[in-house]
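# Breakdown of the fold
Residues per chain, in single letters:
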Amino acid sequence: MLKSRRMLELTQPEVEKELAENGLVIIPTGSVEQHGPHLPLGTDYYAIEAICERVAEKMGGLLVPFPHVGVTPFHMSFAGSITFSQETFMQVLKDICDSLIRHKARKIVIVNWHEGNTGAINTICGRLQVEYPEVTFVISQACYIAEKLYSDIGLNHAGALEVLPVMGYRPDLVHLERATNPSPVDRAKKMDALRRRREAYPIIPDIR
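My aim in this report is to walk through the structure given alongside it, one point at a time. (Residues numbered from 1 in each chain as written. Predicted model: local features only at pLDDT ≥ 70, side-chain atom pairs only at ≥ 80, totals over all residues. Heavy atoms only, no water.)

### Thoughts on the packing of aromatic side chains
This is how the line gets drawn: Any two of the Phe, Tyr and Trp rings considered here, Trp counted by its six-membered ring, make a pair once their centres fall within 6.5 Å; the pair's planes then place it as stacked at under 30 degrees, edge-to-face at over 60, or tilted in between. Elements are defined by DSSP. Helices are runs of H or I of four residues or more, strands are runs of E of two residues or more, and each kind is numbered from the N terminus.
By the definition in use, this model includes two aromatic pairs. Their ring planes at 50° and their centres at 6.4 Å tell us that Tyr46 and Tyr169 sit as a pair that is tilted. In this pair, Tyr46 sits in helix H2 (residues 43-59) while Tyr169 sits in helix H6 (residues 160-169), placing the two residues 123 residues apart along the sequence. On the numbers, 5.6 Å between centres and 65° between planes, the contact of Phe66 with Phe89 is edge-to-face. Note that Phe66 is positioned in the loop between strand S2 (62-63) and helix H3 (86-102) and Phe89 in helix H3, a separation of 23 residues in sequence.

Pasting the structure below:
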């Protein structure tokens, strides 16, 4: 049994054996962006790392290293936020998938926490699925799964549903005593409902 499911912590022969026998890889995608004065810039990534570690363990897959940065131009008015362009994100994801497939990955699961990544992930995975019909691509929107499981809490930026996974994974990075400047709840809920609509929705230029 492997001591770890993280590719970065395994030897080359261990990874080669796992890919040949199972072929399942888990790719975590998050972002580096502001989450108020109480959560770290890496909130989305810490959340998805915590989830993906458990997914890899339960499914017997390999946890793939992926850049912490996501697609988040609408957070760039806050210092410290870092964004990839859609094109850069897609190219990085494609290059990583190409590499994994070359070495016999046959089941690729992208587990995402940051909503801003969704368009790029869908686009490049659609292209990859055509290029590699023998490979199965699955996209899991972990933030929406969490929202469904904990509907009484709700999915709000830097809210309780984002505090909980970071608190469970890296409690030293959570500073609840600083959570003193929330946006008006009703306005935030209205904006979230508007931008998450399926029928028609705006493109948000600045989260402020």
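Next comes the rest of the account.
### Side note on the pairing of strand S1 (residues 24-29)
Rules: In this scheme, a residue with accessible area under 20% of its type's maximum is buried, one over 50% is exposed, and one in between is partly exposed, where area comes from a 1.4 Å probe on protein chains only. When DSSP finds two or more bridges between a pair of strands, those strands are recorded as paired.
Among the six residues of S1, six are classified as buried, and the element is accordingly described as predominantly covered. The alternating pattern of S1 places Leu24, Ile26 and Pro28 on one face and Val25, Ile27 and Thr29 on the opposite face, and all of these are buried. Sheet topology note: the S1/strand S3 (residues 107-112) ladder contains six bridges and is parallel. Opposite Val25, over in S3, you have Ile108 as the bridge partner. The sheet contact formed by S1 and S2 spans two bridges and is parallel. Looking at S2, one finds that Ile26 is bridged to Leu63.

### So, the side chain of Ser140
Just so we agree on the cut-off: In what follows, residue pairs with any heavy atoms lying within 4.5 Å of each other are defined as contacts.
Looking at the element boundaries, Ser140 is found in strand S4 (residues 136-141). Among residues more than four places away in sequence, those in contact with Ser140 are Ile110, Val111, Asn112 and Ile145.

### Overview of unusual backbone geometry
Despite not being glycine, Lys104 shows a phi value in the positive range, around 85°. Non-glycine residue Ala158 carries a positive phi angle of around 65°. In this fold, Ala158 is placed in the loop between helix H5 (142-149) and H6. Overall, Ala158 belongs to the buried group, its relative accessible area being 11%.

### Quick notes on the sheet that holds S2
Using the following cut-off: The axes are straight lines fitted to the C-alpha atoms, using for helices just the contacting stretch, and the angles between their N-to-C directions are given from 0 to 180°.
Sheet architecture is open: four strands sit in the order S2-S1-S3-S4, paired in parallel fashion. Single-partner strands in this sheet number two, and they are S2 and S4. Across the sheet, H5 lies against S3 and S4, angled at about 50° from S4, the strand it touches most.

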